[in-house]
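Each chain is listed here by its residues.
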Amino acid sequence: MDDLNYTTLLEGIAAGMLATADKGRVADYIPELASVDPEQFGIALALADGRCFAAGHADTPFSIQSVSKVFTLALALGRLGDRLWQRVGREPSGLPFNSILQLEHEGGIPRNPFINAGALVVTDAILAGHQPREVLGEILRFVRAAADDENIHIDESVARSETDHGHRNMALAHFLAAHGNFVNSPDLTCGTYFHQCAIEMTARQLALAGRFLVGGPAAPSLISRHSVRRINALMLTCGHYDGSGDFAYRVGLPGKSGVGGGILVIAPGRASIAVWSPGLNPHGNSALGTLAVEHLARATGWSIFG
Ligand SMILES: NC(=O)CC[C@H](N)C(=O)O
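Just so we're clear, the structure is a prediction, and the values are computed from it rather than from any experiment.

Asker: How would you explain the overall build of the protein if you had to name every residue and give the values?
Answerer: Looking only at helices and strands, one finds 13 helices and ten strands in the protein. The globule rule puts the C-alpha radius of gyration for 306 residues at 19 Å, and the 18 Å found for the protein is close to it. When its C-alpha atoms are laid out on the principal axes, the protein stretches across 55 × 40 × 35 Å. Counting the 306 residues in the protein, one finds 58% classified as buried. Partitioning the contacts of the protein with sequence separation of at least 6, the portion at a separation of at least 24 is 69%. Split by element, the accessible area of the protein, about 12100 Å² in all, is 52% carbon and sulfur.

Structural data, given as structure tokens:
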């Protein structure tokens, strides 16, 4: 596809999404997210050859929330390698992202690194022996290097809002600690986790930041190719929680969603795609974002399943 075709495609998708009546429901369990205007949609595409295209509200910052779990997993795999898998599994959970149900049955080992329990373990692992400030600095350095953009920050008001209302995550953290699967105090790890979730990015920045998972000559090589393959596999099977099967069915690409309405999608060897629209479907994944990447995958033929 040439430049004009990509631009036309993204603008057509953005116009179609903004005209869609059912835009889902904005997350309200983090009060600071509840006030975001649902009438927004942005999409950005960073191709493996270095070109970048965007449409809609692609330059409006939003809270990346659980998309941050991709970056912390990359750091944890770099630091711990396979030792990480002693503390967290690699299977889809089939349950909502914040569920505590399986943890009891499975002895405090979360199913995967993308549900909240698993992501808390990942953050706890990279925090070990460090101050939250140092680890948050490391996460930001990684994201900024990936996006090649120093202007990426944490929204303190979102972090505070979640700290004040994060009882479920605190419960998960204490439960993990009770099972001996926590190194730091639940307060310290949850505080770090709430701040990583409160990183603010635009769809354009997020698409650029995802290039390290695409492979190809223009992609920043921040982690090994081995880790790139594994993170993509986990994004495909677990990146949308109990909506992962449906996302794979409809889109056919690895993706990671967040309750801020962002989704990072990887077309291996081809492109990193970011979509954002704050309204969520019942699984807590962006309603229009999912629809948009479904259109994009169909139009480009990029599904990994042919
Ligand atoms: N799915 C998400 O984006 C959840 C992230 C959010 N910070 C939480 O822990 O509840």
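So much for the structure itself; the text now carries on.
Asker: Give a description of the packing of aromatic side chains that names residues and reports values.
Answerer: This model, assessed by the stated rule, comprises nine aromatic pairs. Taken together, a centroid distance of 5.2 Å and an interplanar angle of 5° make the contact between Phe-62 and Trp-276 stacked. Residue Phe-62 is located in strand β4 (residues 62-63), and its partner Trp-276 is located in strand β9 (residues 271-276); the two are separated by 214 residues in the primary sequence. The exposure class of Trp-276 is buried, given its relative accessible area of 2%. Feature note: the residues Tyr-6, Phe-53 and Trp-302 constitute an aromatic cluster, connected by ring pairs. A cation sits over an aromatic face here: Arg-90 above Trp-85, 5.1 Å from the ring centre.

Asker: Talk me through the sheet that holds strand β5 (residues 153-154); I want residue IDs and the actual numbers.
Answerer: In space, the three strands of this open sheet follow the order β4-β6-β5, with antiparallel pairing throughout. In this open sheet, the two edge strands, each paired with only one partner strand, are β4 and β5. With two bridges joining them, β5 and strand β6 (residues 199-201) adopt antiparallel strand pairing. Its bridge partner being in β6, Ile-154 is matched across the sheet by Ile-199.

Asker: Explain unusual backbone geometry to me, and be specific about the residues and the numbers.
Answerer: Although it is not a glycine, Gln-65 sits at a positive phi angle of roughly 45°. By the secondary structure assignment, Gln-65 is in the loop between β4 and α3 (68-80). Positive phi outside glycine occurs at Asp-148, with the angle close to 55°. Within the secondary structure, Asp-148 is located in the loop between α6 (132-147) and β5.

Asker: Give me the lowdown on the environment of Lys-23, citing residues and values where you can.
Answerer: Mapped onto the elements of the fold, Lys-23 is located in the loop between α1 (3-18) and β1 (25-26). Relative accessible area serves as the criterion here: at 8%, Lys-23 is assigned to the buried category. Counting along the chain gives 79 residues from Lys-23 to Gln-102, while the straight-line C-alpha distance between them is 31 Å. Contact partners of Lys-23, with chain neighbours within four places excluded, come to Met-17, Leu-18, Pro-38, Glu-39, Gly-279, Leu-280, Ala-287 and Leu-288. One polar contact links the side chain of Lys-23 to the main-chain carbonyl oxygen of Thr-20, over a distance of 2.8 Å. Within the structure, Lys-23 has its side chain in polar contact with the side chain of Glu-39 (distance 3.1 Å).

Asker: Describe the site of the ligand, naming the residues involved and giving the relevant values.
Answerer: Near the ligand, the surroundings consist of Tyr-29, Gln-65, Ser-66, Phe-97, Asn-116, Glu-162, Asn-169, Tyr-193, Cys-197, Tyr-241, Gly-258 and Val-259. Between an oxygen atom of the ligand and a side-chain N or O atom of Asn-169, the distance comes to 2.8 Å. For the ligand, whose unbound accessible area comes to 300 Å², protein coverage reaches 99%. Partitioned by chemical class, the residues of the shell around the ligand number six nonpolar, five polar and one charged.

Asker: Can you break down the pattern of salt bridges residue by residue, with the values?
Answerer: If the charged atoms of two oppositely charged side chains come close together, the side chains can form a pair. Scanning all chains against the criterion turns up twelve salt bridges. Of the charged contacts, one joins Arg-204 and Asp-59 as a salt bridge, the two residues approaching to 2.8 Å between their closest N and O atoms. Of this pair, Arg-204 sits in helix α10 (residues 203-209) while Asp-59 sits in the loop between β3 (52-56) and β4, and the two are 145 residues apart along the sequence. What makes Arg-204 partly exposed here is its relative accessible area of 31%.

Rules used in this analysis
Residues numbered from 1 in each chain as written. Predicted model: local features only at pLDDT ≥ 70, side-chain atom pairs only at ≥ 80, totals over all residues. Heavy atoms only, no water. Helix = DSSP H or I, 4+ residues; strand = E, 2+ residues; numbered from the N terminus. Rg over C-alpha atoms; globule rule 2.2 N^0.38 Å. Buried < 20%, exposed > 50% of the residue type's maximum accessible area, 1.4 Å probe, protein only. Contact = heavy atoms within 4.5 Å. Areas by Shrake-Rupley, 256 points an atom, 1.4 Å probe, with all protein chains shown as cover. Phe/Tyr/Trp six-rings, centres within 6.5 Å; stacked < 30°, edge-to-face > 60°. Lys NZ or Arg CZ within 6 Å of the ring centre and 35° of its normal. Pairing = 2+ DSSP bridges. Polar contact = N/O pair within 3.5 Å; in protein donor to acceptor, adjacent residues only side chain to side chain. Near = heavy atom within 4 Å. Nonpolar A, V, L, I, M, F, W, Y, C, P; charged D, E, K, R; others polar. Salt bridge = Lys/Arg side-chain N within 4 Å of Asp/Glu carboxyl O.

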